[in-house]
Amino acid sequence: MGVSRLDVFYRRLLLTKLFIGGWGKPEDLKRIFEFRKIIGDRERCKSLVPEDYPVYINKTEEHSDCQIHDGFFISPLEQLVPGILPPESVKARFQFIVPKRWQKNRPVCIHLAGTGDHLLHGYRKPKDQLRSSLKNVSDLLVMGGALILESTVLLRWLEREGYWPLGMTGISMGGYMASLAVTNWPKPIPLIPCLSWSTASSVFTTGVLSKAVNWTELEKQYAINSVYEDIIKLLEYCGADSFKMGQGLLKNSPGSVDSLEQLLGLSTDDKTSQAQYSKAEGKAEAGRGLLIRGSGDKVDQLLSSVNSCGVNFDTLPSFHAKNTLHEKKRDSSKYCRQSLHMESISFMKGVMDECTHMANFSVPVDTSLIIVVQAKEDAYVPRAGVRSLQEIWPGCEVRYLNGGHISAYLFKQNVFRRAIYDAFNRFCMKYPNLH
């Protein structure tokens, strides 16, 4: 299945870069990974959020058919991992729409915000963040940990208030976060993740959003700071797709060179090969200073990594051959630069899999209550090369839509709502007395 042209075109209209600040503080990454091991195990989390955790309503609007409550509470993450949240994000806010007449029961579906949805979570945006473009990679991971715990607060509050049944949904990033939250809930619950999948790693390494990632800054930080080698040891293997980059990822690398064949100039058209080589050489020259500034051990390690991949500098096409030591050094820096880029992508994949891969979290209590809605040609959330949700959550249902991420978001809201109704009805039929 191909990818949506609309997805690709829409992404090109957005000029903002992701992760302009880099990976985030190494100590924050370490704390997040350690905490992930706790919230990834439902049994260990039973007492993290008290049953009577305080929730406040500070504003109510009266409408003809409903009331709209604005509420807030302090994120439990601030207490459990002090200082990890930006000051603006410590207070969690929500909006609760309550109909004045109920047809049957009092069902509530929590909808977690997707990227760019500032209606509610805009109040929590760090002051130095540009629009919805997260400044650091660690920000996304902190957000995930916060939303898992905050969802627990809301679900328990709604239970205390007598609402039933309860469920969770979200679109795109909101779908990921809803999925993570449900893995932590100790009871059967309807889950309807829309336009999300089993991990966020593919979003930032092979999807169209990978083109917006500030790889230059990420590579620079990765090259000059040996602490990331310690962080790699904290990453847990979570399935066949973790840390197995392979040719598929190499060919879809968001760098300036699209494949190893192009990097080496292995084209049947000499003019094309020469152009590709010149382009790669220019990029290598730009990165040369970066590599020189890094430690000698790091550069040697990266060069060793390139050589271990089977790249033989003596067997390149004839126009690559250089007669001077200076030119050979330029060649080495080029391949070293490409190796650094691939290592950075691999590290990104490992970091994202650690904190967003559903295989690293408990399986929801009843997977038959999960209805996943996915677009067949989604270019934002690639499914190729990662484990399927059906494999990780046996018994869940996946409904596929024609088209891509953007068209589904704009024109398929009725399908999302239908899936929500179906999941709630399924719950009521299966657990009529579970409240």
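Thresholds applied
- Residues numbered from 1 in each chain as written.
- Predicted model: local features only at pLDDT ≥ 70, side-chain atom pairs only at ≥ 80, totals over all residues.
- Heavy atoms only, no water.
- Helix = DSSP H or I, 4+ residues; strand = E, 2+ residues; numbered from the N terminus.
- Buried < 20%, exposed > 50% of the residue type's maximum accessible area, 1.4 Å probe, protein only.
- Contact = heavy atoms within 4.5 Å.
- Areas by Shrake-Rupley, 256 points an atom, 1.4 Å probe, with all protein chains shown as cover.
- Axes fitted to C-alpha atoms, helices over the stretch in contact; angles between N-to-C directions.
- Parallel < 35°, antiparallel > 145°, perpendicular 65-115°, else oblique.
- Left-handed = near helix turned anticlockwise from the far one by under 90°.
- Nonpolar A, V, L, I, M, F, W, Y, C, P; charged D, E, K, R; others polar.
- Salt bridge = Lys/Arg side-chain N within 4 Å of Asp/Glu carboxyl O.
- Pairing = 2+ DSSP bridges.
- Phe/Tyr/Trp six-rings, centres within 6.5 Å; stacked < 30°, edge-to-face > 60°.
- Lys NZ or Arg CZ within 6 Å of the ring centre and 35° of its normal.

Per an unreviewed UniProt entry, the recorded name for the protein is Protein ABHD18, and the organism is Scomber scombrus.

1. Topic: the overall build of the protein
From N to C terminus, the protein includes 17 helices and eight strands. The buried share of the protein, taken over its 435 residues, is 52%. In the protein, of all internal contacts separated by at least 6 residues, the share reaching a separation of at least 24 is 79%. As displayed, the protein offers around 20600 Å² of accessible surface, 53% of which is attributable to carbon and sulfur atoms.

2. Section: the packing of helix α5 (residues 137-160) against helix α6 (residues 173-183)
The description of two packed helices rests on the angle between their axes and on the distance between the axes. The contact between α5 and α6 brings their axes to 8 Å, and the two run at 55°. It follows that α5 is oblique to α6 by the angle criterion. As for the relative orientation of α5 and α6, their crossing is right-handed in sense. Contacts between α5 and α6 involve Leu140, Met143, Gly144, Leu147, Ile148 and Ser151 on the former and, on the latter, Met173, Met177, Leu180 and Ala181. A per-class count over the contact of α5 with α6 returns eight nonpolar, two polar and no charged.

3. A closer look at the pattern of salt bridges
Applying the stated rule across the entire model yields 14 salt bridges. A salt bridge links Lys46 to Glu43, with the nearest nitrogen and oxygen atoms 3.0 Å apart. Classification of Lys46 by relative accessible area gives partly exposed; the value is 47%. On the accessibility criterion, Glu43 (52% relative accessible area) is exposed. Linking Arg399 and Glu397 is a salt bridge whose minimum nitrogen-to-oxygen distance equals 2.7 Å. Residue classification places Glu397 among the partly exposed positions, given a relative accessible area of 25%. Salt bridges linked by common partners bring Glu397, Arg399, Arg418, Asp422 and Arg426 together as one network.

4. As for the packing of helix α2 (residues 26-39) against α5
One can describe the packing of α2 onto α5 by two numbers: an axis separation of 10 Å at closest approach and a directional angle of 30°. With respect to their mutual orientation, α2 and α5 come out roughly parallel. Crossing angle aside, the handedness with which α2 passes α5 is left-handed. Listed contacts from α5 to Leu29, Ile32, Phe33, Phe35 and Ile39 of α2 are Ser138, Leu141, Val142, Gly145, Ile148 and Leu149. Within the contact of α2 with α5, the residues separate by chemical class into nine nonpolar, two polar and no charged.

5. So, the sheet that holds strand β3 (residues 91-99)
With antiparallel pairing, the three strands of this open sheet are ordered in space as β1-β2-β3. Unpaired on one side and paired on the other, β1 (56-62) and β3 mark the two borders of the sheet. With direction set aside, neighbouring strand axes in the sheet form an average angle of 20°. Taken together, the nine bridges between strand β2 (residues 66-74) and β3 define a ladder with antiparallel strand orientation.

6. Quick look at the packing of aromatic side chains
Applying the stated criterion across every chain, the model contains 15 aromatic pairs. Aromatic side chains Tyr53 and Phe73 sit 6.5 Å apart centroid to centroid with 90° between the ring planes, which places their arrangement in the edge-to-face category. Of this pair, Tyr53 sits in the loop between α2 and β1 while Phe73 sits in strand β2, and the two are 20 residues apart along the sequence. Residue Tyr53 is classed as buried on the basis of its relative accessible area of 6%. Their ring planes at 55° and their centres at 5.6 Å tell us that Phe94 and Trp157 sit as a pair that is tilted. With Phe94 in strand β3 and Trp157 in helix α5, the pair connects residues that are 63 residues apart, well separated along the chain. Residue Phe94 shares its accessibility class with Trp157, and that shared class is buried. Counting every residue linked through ring pairs, the aromatic cluster contains Tyr53, Phe73, Phe94, Phe96, Trp102, Trp157 and Tyr163. The ring of Phe72 has Lys91 lying over it, and the distance from NZ or CZ to the ring centre is 4.7 Å. Between the NZ or CZ atom of Arg106 and the centre of the ring of Tyr163, over which it lies, the distance is 4.1 Å.

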